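Residue strings, one per chain:
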Amino acid sequence: MDKIKDILRLVRWGNLLFLAALVWLMEKWVAVPILDKAAFGEQLPGYVLLLMGLAIVLIAAGGYVINDYFDVKIDRINRPDEVVVTRSVSKPAAMRLSLWLSGTGIVCGVAAAVVLCSMTLGILFVLVPGLLWFYSSSYKRSFMVGNLIIALLAAMTPMVVALANVAILELRYETILPYTTLPHDLYAWLGGFALFAFLLTWIREIVKDLQDQMGDRELECHSMPVVWGETWTKVFVTFLLVLTLAIIGHLWWHVLPFPRGWNSLSTRYIALGVVTPLLGSIGLLWPAKIPSDYKTCQQVVKLTMLLGMLYSICIVRAL
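Values in this document were obtained by computation on a predicted structure and should not be read as measured data. (Residues numbered from 1 in each chain as written. Predicted model: local features only at pLDDT ≥ 70, side-chain atom pairs only at ≥ 80, totals over all residues. Heavy atoms only, no water.)

Q: Can you break down the confidence of the model for the protein residue by residue, with the values?
A: Overall, the predicted model of the protein reaches an average pLDDT of 91, with 98% of residues at or above 70. The secondary-structure element of the protein with the lowest mean pLDDT is helix α14 (residues 315–318), recorded at 62, while helix α5 (residues 91–116) shows the highest, at 96. (pLDDT = per-residue confidence, 0-100. Helix = DSSP H or I, 4+ residues; strand = E, 2+ residues; numbered from the N terminus.)

This is the structure:
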C-alpha cells in the first residue's frame, strides 16, 4: 500500500486529475458552446477526446517520473521527506515506468491525430515527451529555458483541443469552413486560456525555483534565483503577475462579451476568483524568505490557475 502511495506521489496524481479535467472543460464548456452557437454542434467523437486526454495525462505522468529520476540529488537537499526514486522505487524501475507511460501516451496521441488527419497534432504528441526528457536531463539546469518549456507545455492542453476541433471541421466542412469565423473563434477563446496557463505556469515555476534555490546552488544549476539573486527574481515574478493582471483587465474591458457591472457573474468571478488571489500572490512573495513561504505562494498561484480555468463555465452564459 505504501508503495502504491509513493507511485501516485511520483506521477503527481493531483496534477494529472487537473489535466484530465482541463481537457474536458476546454472541450465541453468552451469548444462545444462555440460550435453550438454556429449551429455545427459537437464535432469531436468521444473516443477521440478520450485518446487525447489519455495522451496528455500519460505523457505528463512520464515527464514527472523522469524529472524525479534526474532530480534525486537536488530533492534530497530540498525535500528529503518527499523523495520516492531510490527510496521505494529504484532508478531502473523509474526509468522503465517513465518510458512505458510516455510511450503509451504517444501511441494514444498519434492514434487521435490519425483519426483527425492532423499532422500537427501527431508531431506535438511525439515532440512533447522529448522536450520533457531534455528538460529534466539538462534544460531545467539552464537559465530560464526549462521554465519556458514547462510553461509552453501547460499552454498546449487548451491549444490541443482547439487544433483537434479545427482539424475535424476541416475534414467535414472543408468547402464552407472558410466562410465562417469558427476557426478564429476557437483559437481566440482557447488561446486565451492557453495564454493564462502559460503565464501562471511560468510564474509558478520561477517561485518553485525560489523555493528550491538551496539545492540548485549546491548542484550549480543556473536557475533565475541563482543567476539573478532572490530580490531581482522577485521583481521579475512581480512583473509577470502585473502583466497577467493587465492582460486580464484588457480582455475584461475590451474583449469579453459580458456585462461589466458588479452584478455580473463574470465580473465577480474575475475579481474574487482570479484578480484577488493574484494580488495575494504578490503580497505573499515579497516577505517570503524560507522554502515554506515560497511553497505557500506557489500553491496560491496554482489555485489561481485552477480558478482561471474554471472560468470557462461562464462562457456558456455569454454565447
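Q: Before we move on, could you go through the pattern of salt bridges and cite the residues and values that matter?
A: The tally for this structure, following the rule as stated, stands at five salt bridges. Two residues, Arg9 and Asp6, come together in a salt bridge whose shortest N-O distance is 2.6 Å. With a gap of three residues between them, Arg9 and Asp6 both fall in helix α1 (residues 2–10), about one helical turn apart. We classify Arg9 as partly exposed; its relative accessible area is 39%. Judged by relative accessible area, Asp6 falls into the buried class, the value being 8%. Where Lys28 meets Glu42, a salt bridge forms, and the shortest distance between an N and an O atom there is 2.6 Å. Separated by 14 residues along the polypeptide, Lys28 in helix α2 (residues 13–37) and Glu42 in the loop between α2 and α3 (46–70) bring together distant segments of the chain. Look at Glu42 and you get partly exposed, because its relative accessible area is 38%. (Salt bridge = Lys/Arg side-chain N within 4 Å of Asp/Glu carboxyl O. Buried < 20%, exposed > 50% of the residue type's maximum accessible area, 1.4 Å probe, protein only.)

Q: Describe the packing of α2 against helix α8 (residues 182–211), with residues and values.
A: Their axes nearest at 10 Å, the elements α2 and α8 cross at an angle of 150°. What the angle tells us is that α2 and α8 run roughly antiparallel. In terms of crossing hand, the pair formed by α2 and α8 is right-handed. Within the contact between the two elements, α2 uses Met26, Val30, Ala31, Ile34 and Leu35 and α8 uses Leu182, Asp185, Leu186, Trp189, Leu190 and Phe193. (Axes fitted to C-alpha atoms, helices over the stretch in contact; angles between N-to-C directions. Parallel < 35°, antiparallel > 145°, perpendicular 65-115°, else oblique. Left-handed = near helix turned anticlockwise from the far one by under 90°. Contact = heavy atoms within 4.5 Å.)

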